[in-house]
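Summary of structural features
Take a look at the letters that make up each chain.
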Protein chains: 2
Amino acid sequence: MTETTTFREVMAEIVQRITEGPWGPGTLLPGEVELAEEFGCSRTTMNRALREVSELGFLDRKRKAGTRVRMAPIRQARFEMPVVRAEIEKTGAVYRYALVSREVVAAPDWLRARMGLKARARVVHLLCLHFSDGVAFQLEDRWINASALPQALEQDFSEAGPNEWLVATVPFSEVEISFLAAAADAVMVQHLDHALGDPVFCVERATWWQNAAVTLVTLAHRRDYRMTTRY
Amino acid sequence: MTETTTFREVMAEIVQRITEGPWGPGTLLPGEVELAEEFGCSRTTMNRALREVSELGFLDRKRKAGTRVRMAPIRQARFEMPVVRAEIEKTGAVYRYALVSREVVAAPDWLRARMGLKARARVVHLLCLHFSDGVAFQLEDRWINASALPQALEQDFSEAGPNEWLVATVPFSEVEISFLAAAADAVMVQHLDHALGDPVFCVERATWWQNAAVTLVTLAHRRDYRMTTRY
DNA sequence: ATGTTTATTATGTCTACACATAAGGAGTCG
DNA sequence: CGACTCCTTATGTGTAGACATAATAAACAT
């Protein structure tokens, strides 16, 4: 091996041995020291390589037990959750935002339960639309906990979407994301190109910050929308 | 600082400074050497910490340019794509598999176009059901390219699902995954607890290996299924 | 036989140092 | 003024060596 053996090369070789070579599912790999010797690199490098391969989902590492090839590689899909604006503009289309409605109300029971709000919590309820080249692309149904974020009461969200305001205001959060299929309701029918009961692809995102509920949003997408990733 | 400063502690402190402390979005961080000095650790450790924080999506690192706090943290959702069996058994329910139908046919045009198959390619078409505690959980509509995988013709898939056979047979693949909402068709109505036209959450997964199409599968889920992740 | 302690071992992480590499910036030259 | 070269600098990655930790396996006691 003439050139320097980088940990990436080692990774590649390991993956190859797993996927095509002698290390089938369930195989117990030799120890790091032995492998490092075979590959002509330091244990540090071998450790890095093995760690990253295991992060890819191929290996299962346990102290003392050793490194074992996963029976079924954990195939994890990564979906970047783009800001709608970026997602639309990436396609070359023109983005436009519109506020449909805004109201400040007492949190309904289902919302209180869902987000863990106190009784009589006040929330800002928004309906927004995101257009791609003039066509409704996404309907945003958002609730913001005004008890935790009183500044939300002063925002009117007529110019910019609440998402952009939120990411700039609330620094970091605990997030729960769900993907689901829902039946189009009256509101969706009115704003998106759907018929009543049509299947709608929805993303629901609940956000907390320091154990306080921040916001719950449901993003309903236009007809035939797909969320796709490759790897 | 009495106890050992592990790279995790350093990470935590860095994240805290980004989310709550002085390092707002866009901040240019001090160099690794300086930070290592401040935190009382080696540059190696600081490097590891910064690398992992940047993998979390908070930091943007470039040689010479330095380490900068991302304007909008890349909110990426990671969905582990579990084998159905594991997903069901994790909930404590009993898993059962059933083959609904199996046929070997010439690939229909839409499939040829979708997967890039040659004309007159033969495919194995399977319909399978995955039960959770006796209730239909997922309907699997799978096409396997028999031209690339002739072994598939000898499998009858009556005992074990094609997924488990495939992961054991085809080593590693290029995958494209889509999430979408579809309207329940006659087949789904028959096997899942759906009415015609009901919204169904579907996962579509196309797989290639060495530029040859391997399989295309659509997984239709039971009513009200959600795919959820937290971070 | 069964439960508890102890030794062993593979991975996890830290340190200090070195060289590689990419990219910004200064200086040079047409 | 613009294009080029070279230097500087921050991150990227490599080495060897050490100690920490978790989990298995063996030895021991009940």
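What comes next is a walk through the structure. Within any chain, residue numbers begin from 1 and follow the written order of that chain's sequence. Each chain gets a letter, beginning with A, and each ligand a number, beginning with 1, in the order they are written. In view of the model being predicted, local features appear only for residues whose pLDDT reaches at least 70, and side-chain atom pairs are presented and counted only at 80 or more, with totals across whole chains, interfaces and linings using the full set of residues. To obtain the side-chain values, all non-hydrogen atoms of the structure were included, while hydrogens and water were left out.

Attention now moves to the protein's contact with DNA strand C. Inspection of the region around DNA strand C gives 23 residues, with A:R43, A:R61, B:T6, B:F7 and B:T45 positioned closest. In these notes, residues near a molecule or strand are those with any non-hydrogen atom within 4 Å of it. When the atoms of DNA strand C within 4 Å of the protein are grouped by moiety, sugar and phosphate amount to 70% of the total. Note that a phosphate oxygen of DNA strand C is positioned 3.0 Å from one of the backbone N or O atoms of B:S42. Pairs of N or O atoms within 3.5 Å make up the polar contacts considered here, provided that, within protein, one atom can donate a hydrogen while the other can accept it, and that residues adjacent in sequence are counted only when both atoms are side-chain atoms. In this structure, B:T45 approaches DNA strand C through a side-chain N or O atom, which is 2.5 Å from a phosphate oxygen. Mapped by element, the contributors of at least two residues to the surface near DNA strand C are α3 (43-55), β1 (59-62) and β2 (66-69) of chain A together with α1 (7-19) and α3 (43-55) of chain B. Side-chain classes follow a simple rule in which Ala, Val, Leu, Ile, Met, Phe, Trp, Tyr, Cys and Pro form the nonpolar group, Asp, Glu, Lys and Arg form the charged group, and the remainder, Gly included, forms the polar group. Class assignment of the residues belonging to the surface near DNA strand C gives a composition of two nonpolar, 10 polar and 11 charged. Put simply, DSSP marks the helices as runs of H or I at least four residues long and the strands as runs of E at least two long, and each gets a number from the N terminus on.

Attention now goes to the side chain of A:E176. Within the secondary structure, A:E176 sits in strand β7 (residues 174-183). Here A:R114 takes part through its side chain, which lies 3.2 Å from a polar atom of the side chain of A:E176.

Turning our eyes to something else, we now look at the sheet that holds strand β7 (residues 174-183) of chain B. Read from one edge of the open sheet, seven strands run β10(A)-β7(B)-β8(B)-β9(B)-β6(B)-β5(B)-β4(B), paired in antiparallel fashion. Of all strands in the sheet, those bounded by a partner on one side alone are β10 (226-230) of chain A together with β4 (95-106) of chain B. Averaged over all pairs of adjacent strands, the angle between strand axes in this sheet comes to 15 degrees, irrespective of strand direction. Both strand β5 (residues 122-132) of chain B and strand β6 (residues 135-145) of chain B contribute to a ladder of 10 bridges, which runs antiparallel. Residue pairing in the sheet places B:H125 in a bridge with B:W143 of β6(B). In this description, contact between two residues means that some pair of their heavy atoms is separated by no more than 4.5 Å. Note on method: axes are straight lines fitted to C-alpha atoms, helices fitted across the in-contact stretch only, with angles between N-to-C directions ranging 0 to 180 degrees. Seen against the sheet, helix α6 (residues 162-169) of chain B touches β4, β5, β6, β8 (199-209) and β9 (212-221) of chain B and runs at an angle of roughly 45 degrees to β6(B). Here a strand pair is declared whenever DSSP counts at least two bridges between the two strands.

Here we take up the nonpolar core. A:I144, A:F179, A:F201, B:I144, B:F179 and B:F201 are the most contacted members of the largest nonpolar core, which totals 57 residues. In contact with B:I144, not counting residues within four places along its chain, are B:R122, B:V123, B:V124, B:L126, B:L149, B:A152, B:F157, B:P162, B:L166, B:V214 and B:T215. We define the nonpolar core as a collection of buried residues of types Ala, Val, Leu, Ile, Met, Phe, Trp, Tyr and Cys that are connected through side-chain atoms lying within 4.5 Å of one another. Residue burial is assigned from relative accessible area. The probe radius is 1.4 Å, only protein chains are included, and a residue is buried under 20% of its type maximum, exposed over 50%, and partly exposed in between.

This next bit is on the packing of helix α1 (residues 7-19) of chain A against α3(A). Working note: a packed helix pair is described by the angle between its axes plus the distance between those axes. Residue and element names in this part refer to chain A. Interaxial distance between α1 and α3 falls to 9 Å at its minimum, and their mutual angle equals 50 degrees. In terms of their interaxial angle, α1 and α3 are classed as oblique. Crossing geometry of α1 relative to α3 is assigned as right-handed. Residue-level contacts link F7, V10, M11, I14, V15 and I18 of α1 to T45, M46, R48, A49, L50, E52 and V53 of α3. Considered class by class, the residues forming the contact of α1 with α3 number 10 nonpolar, one polar and two charged. For this classification, under 35 degrees means roughly parallel, over 145 means roughly antiparallel, 65 to 115 means roughly perpendicular, and everything else is oblique. Note on convention: near helix rotated counterclockwise from far helix by under a right angle means a left-handed crossing. Clockwise means right-handed.

Let us look at the sheet that holds strand β5 (residues 122-132) of chain A. Read across the sheet, seven strands follow the order β4(A)-β5(A)-β6(A)-β9(A)-β8(A)-β7(A)-β10(B) without closing on themselves; strand pairing throughout is antiparallel. Either end of the sheet is taken by a strand with one partner, and the two such strands are β4 (95-106) of chain A together with β10 (226-230) of chain B. Going from strand to strand, the sheet's axes swing by 15 degrees on average, the running direction of each strand aside. Direction of pairing for β7(A) relative to strand β8 (residues 199-209) of chain A: antiparallel, over a ladder of 10 bridges. Counted as the bridge partner of A:L180 is A:C202 from β8(A). Contacts from helix α6 (residues 162-169) of chain A reach β4, β5, β6 (135-145), β8 and β9 (212-221) of chain A, with the element oriented near 45 degrees to β6(A).

A few words now on the pairing of β6(A). Remember that side chains alternate between the two faces of the sheet whenever the strand is regular. All names here are of chain A. For β6, the buried fraction is high: nine of the 11 residues fall into the buried class. Between β5 and β6, which follow one another and run antiparallel, lie two residues, and D133 among them has a positive phi close to 55 degrees. One ladder, built from seven bridges, connects β6 with β9; its direction is antiparallel. The residue of β9 that forms the bridge with R142 is V217.

With phi around 65 degrees, A:D224 is a residue other than glycine that occupies positive phi space. Taking relative accessible area as the criterion, A:D224 reaches 66% and is therefore assigned exposed.

Okay, the packing of aromatic side chains next. Any two rings among Phe, Tyr and Trp, with Trp reduced to its six-membered ring, count as a pair given centres within 6.5 Å; such a pair is stacked if its planes are under 30 degrees apart, edge-to-face if over 60, and tilted if neither. For the structure shown, the criterion picks out 12 aromatic pairs over all chains. Seen in terms of ring centroids, B:W110 and B:W143 are 5.6 Å apart; in terms of plane orientation they differ by 90 degrees. Their pairing is edge-to-face. Residue B:W110 is found in helix α5 (residues 109-115), and its partner B:W143 is found in strand β6; the two are separated by 33 residues along the sequence. Ring centres of B:F157 and B:W165 lie 5.5 Å apart, and the angle between their planes is 80 degrees; this geometry places the pair in the edge-to-face category. Pair check on accessibility: B:F157 and B:W165 agree, each one buried. Lying across the ring of A:F7, A:R48 places its NZ or CZ 4.0 Å from the centre. For a lysine, the NZ atom is tested; for an arginine, the CZ atom; a charge sits over a ring if that atom is within 6 Å of the ring centre and within 35 degrees of the ring normal.

The analysis is restricted to geometry; functional conclusions fall outside its scope.
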